[in-house]
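Structure at a glance
What follows is each chain in one-letter form.
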Amino acid sequence: MGRSLKAINLGILTAVLGAVVYFFAFGYELEENFGLDMLFKVRGKVAMPEDAVVVAINKMSSDYFGLENEPSKWPREYHAKLIDILKSRGAKVIAFDVFFKDARAPGEDDRLAKAVKEAGNVILFSQLKRQILSQQGRSPEYQELKNAINIEQLVYPTEKIAQSAAVLAPFALLKYPQKVSQFWTFRVPAGEIPNLPVMAFQLDVIEDYQVLHKLLQQVIPEQAKYLPFNVNEILQKQQLTEVVSEIRRLFKENPELPAKIKEKIASNSDLDNIENASLLSLINMYQGPNQYYLNFYGPPRSIKTYPIHEVLSTKNIQQFDFKDKVVFVGFSEYLQPEQKDNFYTVFSQDNGLDISGVEIAATAYSNLKNNENIKTLTPFFYISLIMLYGFIVAFASRYFHTLPSVIIAVSIMATYVFISYLVFRENNIWLPWAVPILIQSPFAIFVALLCHYTDTRREREQIRKAFGFYLPTSVVNKIAQNAGHIEANQQQMYGICLATDAAHYTRMAEQMRPDELSQLVNKYYENLFGPVRQHGGIISDVVGDAMLAIWSSPQSDVELRTQACHAALEIDHVMNQSTSQREPFLLPTRIGLHAGELMLGNVGAMDHFEYRAVGDIVNTSNRIENLNKRLGSSVIASENVLEGVTGIMKRSLGKFRLAGKQQALELYELFCREDDPQCDKNHIQILERCEMLLLGITAFQAQDWQAAKAQFSELKSKYSNDMAADFYLQYCDLLHERTLPHDWAGIIELSEK
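Residues numbered from 1 in each chain as written. Predicted model: local features only at pLDDT ≥ 70, side-chain atom pairs only at ≥ 80, totals over all residues. Heavy atoms only, no water.

For the structure shown, the criterion picks out 38 aromatic pairs. The rings of Phe656, Phe700, Trp705, Phe712, Phe727, Tyr728, Tyr731 and Trp744 are connected pair by pair, giving a single aromatic cluster. The ring centre of Tyr399 lies 4.4 Å from the NZ or CZ of Arg3, which sits over that ring. The cationic tip of Arg689 hangs over the ring face of Tyr719; the distance from NZ or CZ to the ring centre is 5.9 Å. (Phe/Tyr/Trp six-rings, centres within 6.5 Å; stacked < 30°, edge-to-face > 60°. Lys NZ or Arg CZ within 6 Å of the ring centre and 35° of its normal.)

Structure (C-alpha cells):
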C-alpha cells in the first residue's frame, strides 16, 4: 500500500472518529462545556455596548432603606420613584426582572401603576408556570407520565399593575445541566412566547416597527395586512407581544422573506446607517432560532450597574447616564453569600460569585440589538469542519516522515486554534475546536507515529535481512541501531579463520556461460555457508571460489575452536564425497584453519567500507589451505586451532615455515569427528595412516633419511593416494644431498604461497 493511500485511510478514519464522537458520544458537551468556555476565557472581558444599564437591588440597598432583602416585598413607592427618575432621565425602555405577584394596599399599587402608565415604556416580568397534564387534562398517574403533556402558562403580575405596563414578558433561561450558556428568544414550551430580551429590543427600536411594517406590506401584502400600523395604539392596547409573535410567524412561514426585505433595505437610500443596522438586527432576530448562545461580555458587573439606593437617594442625579438606555432592574449582588437570582456561567468567579439573572437579560438584549450573539454553524457545516480537519491533520501525520509529520501536525493544530480564536473574537463565530484538538489530533498523531514505528521497524527488518546476506547478525544489529554512524573502527579479538578454495574452478569457469556459473557458485556457497553459520561462524569474505569464515571472541576459547573444526569437517564431508552421481556444484574444496589475534571490524575509507578481519592469521589460514594441494589433503589445521580440541581424528603433518613467515607451525590433517559413523567405519585405516606417517616424520626430523624413506614408501605402497608420503619422499631426497644446520629441527621451508 502506497504512502498516499495509507495517509488517506488514516484521514478517513480520523474524520469518522470526530463525527462519531460528536454525534454519539460526548463531543457536543465537550465543545460547549470546555471549548466554548476556553474561547471566552482566552478572549476575556470585552467592551460592553453602552445601550444597556442595570439598576441593582441588593443587600446593601436593602440595608440602606432598612427593608427586607426581597425586591418584590419592598413598598411599591420605591419602584414607582425609580420609574419616575429613569423616565425623567430619558431611559428608552425600563425592564423589571421583579415579579409583582401579590396585590398591596390600593394606594401602593395605584402609585406603581400610575408610574408605569405614565412612563409608557415599562416591561414587567411575568412568570412561566409549568404544568404536566395527562391526555385527559388532569394530573397524570405514574403510568401516564410517558404520554403526559408539558404545558407552560404565563402568570401575570397583579392586575392593576399589569394593565399599566407597555409589555408583559417572561424571562426563561436554558440550563445544561446547571450552567447557563443560552437564552430563549421565543419560548417554545410556552407556545413561542417572546422572551423579555426580545421585547426589550423591539420596544427599544419601536420606531423601526413602522418601517418593517411597510417592508412587509411590500413583500407579502396579503399576509401582512392584518398587522396594526399605529405604534401608540399597539402600546396602549398592550398588543406588542401579539404583534411580535405574528411577525415571528410570518418569518417562519416565509423562509425567503428575510432576503427580500434586506434587498428592499439595501435599495432604500432614505434609511441611515443606524436605522439600517437596528432594522437588520431586528430582522435577524425574527428569522433566527428560538434560542441563542449568550455572548458574555465578561465577569459579573461587566454591564454598567448602579445600586438602586444610590439612584433613589442621590441629589446629583445627573451623574447617572440613563438617556436613550434600556434599563434593566433586578436583583444583582456583588457578594457571593447574598446571591439569590444568580446563575452559574463561564465567568462565574472562584469565590462563588455568579452572574445575576438581570445582567444576563441585559446581555441577551445587547446581543440581539448589536447582532453580537454567538453564531454557530449549521449541523452540516459543523460536522463537515470536524471531519475535514480530522482528515487533514491525519493525512499530514501519516504522509510525512516521523519528525516532519509531528511538526506539521502541531502547526496545523496551532493554526486551527488561532483561527478559531480569531473568528470568535472578531466575528463571534464559534468553531468546533475541542473535538479536533483534544480527540482527533492526538488520535491521528498517535496512530501515525505507531504506523511510522511499524514501518520503520519493518524497513529495518528488511534491511537487517538484506544486510544479513553480507554481514554478521551482530554487525547488522549495530548498523540498524546506529545507521549513518559507520566508521572505520575495529576491535582486537581472538579468532579462528577458516579459508576455503575450490579445485578446478578456473578451468570450469572458462567452459561455462556466466549465468550457469552464477547459479553453480550460489549452490556451491549455499553448502559452505550452512555449516559455518550452524556452528556460530560468520562469513567475512567471498572472492570468486574462495571463502573466509571467522569465529571470534574476546579471548581464547576451546569451544569456539571445536565449532570451527566441526564446520570444516562438515564442509569436507559434503564437498569431497566420492560418489558416482556427484552434483556439479559439489566442487572439491580445500580448507585451512588457523587461530590467533586479529582485528575485526569496518575496513575502508571515505564512502566505502567492508566488514572483515585483518591480521596475520588471515594470510596464514590461506597459506595452510593452499598447502592441501601439495599434501593431497582436504582439511589442514594448525596446532593453535587444535589446542584442547578433542573428539577429532587427525594426524600430524609435521612442522612448516610457510612462505613469507618466520614462525614455524605444527600442522595437522583432519579426517573426521570420532562420533561420525563414516569415521567409525574407516577407524582402523585412519589410525594406521596416522601412525605410519608419524613414524616417518619422526625419522625425517631425526635426519634418518633411509628409515624415513622406508616408512614413507611403505605408507605409499599401502595407501597409494596418500600424497603426504610422496611429499616427504621428495623432501628426503632433496635434503639428503644438502648439509643441514646442526640445530635443524625438521622444519620444512616453503617458498611458494
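So, next bit.
With parallel pairing, six strands are arranged side by side in an open sheet as E6-E3-E2-E13-E1-E12. Strands with a single pairing partner mark the edges of an open sheet, and in this sheet they are strand E6 (167-169) and strand E12 (305-307). Neighbour-to-neighbour, the strand axes of the sheet open up by a mean angle of 20°, direction not taken into account. Its contacts with the sheet place helix H7 (residues 196-204) against strand E2 (93-96), strand E3 (122-125), E6 and strand E13 (326-331), and it is angled at close to 165° to E2. (Pairing = 2+ DSSP bridges. Helix = DSSP H or I, 4+ residues; strand = E, 2+ residues; numbered from the N terminus. Axes fitted to C-alpha atoms, helices over the stretch in contact; angles between N-to-C directions. Contact = heavy atoms within 4.5 Å.)

On to empty space enclosed by the protein. What the rule picks out here adds up to three cavities of 30 Å³ or more. Of the voids in this model, the largest cavity is the one considered here, and its volume is about 40 Å³. Around the largest cavity, the lining residues are Leu36, Asp37, Phe40, Lys179, Val180, Ser181, Leu294, Phe296 and Val346. Among the elements that make up the lining of the largest cavity, the one with the highest residue count is helix H2 (residues 27-43) (three residues). When the residues that make up the lining of the largest cavity are grouped by side-chain class, the tally is six nonpolar, one polar and two charged. (1 Å grid on protein atoms, 1.4 Å probe; cavity = no way out; pocket = protein on both sides within 12 Å on 5 of 7 lines; lining within 4 Å. Points joined across faces, edges and corners; volume = space filled by probe spheres on them. Nonpolar A, V, L, I, M, F, W, Y, C, P; charged D, E, K, R; others polar.)

The space that makes up the second largest pocket amounts to roughly 900 Å³. Only helix H22 (558-575), strand E25 (665-673), helix H25 (677-681) and helix H26 (683-701) provide two or more residues apiece to the lining of the second largest pocket. Residue composition of the lining of the second largest pocket, grouped by class: ten nonpolar, twelve polar and nine charged.

Over its 17 residues, H2 runs 22 Å from end to end, which matches the ideal 24 Å to within 8%, given 1.5 Å per residue. Considered for burial, the residues of H2 that qualify are Gly27, Leu30, Glu31, Glu32, Gly35, Leu36, Asp37, Leu39, Phe40 and Arg43. Residue Gly44 follows H2 closely and has a positive phi angle near 75°. (Expected span 1.5 Å × (residues − 1). Buried < 20%, exposed > 50% of the residue type's maximum accessible area, 1.4 Å probe, protein only.)

One can find Ala499 in strand E18 (residues 490-502). For Ala499, the contacting residues outside a window of four places in its chain are Met547, Leu548, Arg590, Ile591, Gly592, Ser621, Asn622 and Glu625.

This part takes up the pairing of E18. Counted residue by residue, E18 has ten buried out of 13 residues, so it is predominantly covered. Across seven bridges, E18 lies against strand E20 (residues 546-553) in antiparallel orientation. Looking at the pairing, Ile496 lines up with Trp551 of E20.

This part takes up the packing of H2 against helix H17 (residues 402-427). In a packed pair of helices, the relevant descriptors are the angle between the two axes and the axis-to-axis distance. One can describe the packing of H2 onto H17 by two numbers: an axis separation of 10 Å at closest approach and a directional angle of 70°. One element, H2, and the other, H17, form an angle in the roughly perpendicular class. When you trace H2 past H17, the crossing you get is right-handed. Here H2 contributes Leu36, Leu39, Phe40, Val42 and Arg43 to the contact with H17, which in turn contributes Ser420, Tyr421, Phe424 and Arg425. Within the contact of H2 with H17, the residues separate by chemical class into six nonpolar, one polar and two charged. (Parallel < 35°, antiparallel > 145°, perpendicular 65-115°, else oblique. Left-handed = near helix turned anticlockwise from the far one by under 90°.)

Now for the pattern of salt bridges. Per the counting criterion, the structure on display carries 35 salt bridges. The salt bridge partner of Asp37 is Lys179, with a shortest N-O separation of 2.6 Å. Of this pair, Asp37 sits in helix H2 while Lys179 sits in the loop between strand E7 (173-175) and strand E8 (180-184); the two residues are 142 residues apart in sequence, bridging distant segments of the chain. Of the two residues, Asp37 and Lys179, neither departs from the other in class, the shared state being buried. Across the salt bridge formed by Asp204 and Lys369, the nearest N and O atoms sit 2.8 Å from each other. With Asp204 in helix H7 and Lys369 in helix H15 (residues 357-369), this residue pair connects regions lying 165 residues apart in the sequence. Each of the salt bridges in this network shares a partner with another, and the network as a whole consists of Lys6, Arg398, Asp455 and Arg458. (Salt bridge = Lys/Arg side-chain N within 4 Å of Asp/Glu carboxyl O.)

Further remarks concern the nonpolar core. One finds Ile123, Ile261 and Phe328 to be the most contacted residues of the largest nonpolar core, which totals 99 residues. Broken down by element, this core gets its largest block of residues, eight residues, from helix H18 (residues 434-468). With residues up to four places along the chain from it excluded, the contact list for Ile261 reads Leu212, Leu215, Leu216, Val219, Phe251 and Ile283. (Core = buried A, V, L, I, M, F, W, Y, C linked by side-chain atoms within 4.5 Å.)

The next thing to look at is helix H5 (residues 106-119). Here H5 spans 20 Å end to end across 14 residues, near enough to the 20 Å set by a 1.5 Å rise per residue. For H5, the complete set of buried residues consists of Asp109, Leu112, Ala113, Ala115, Val116 and Ala119. All buried residues of H5 project into a common sector of 160° when viewed along the axis, lining one side. Those residues of H5 that are exposed and angled more than 90 degrees off the buried face are Pro106, Lys114 and Glu118. Packed against the buried residues of H5 are helix H4 (76-88), E3 and helix H6 (159-162). (Arc of directions from axis to C-beta.)

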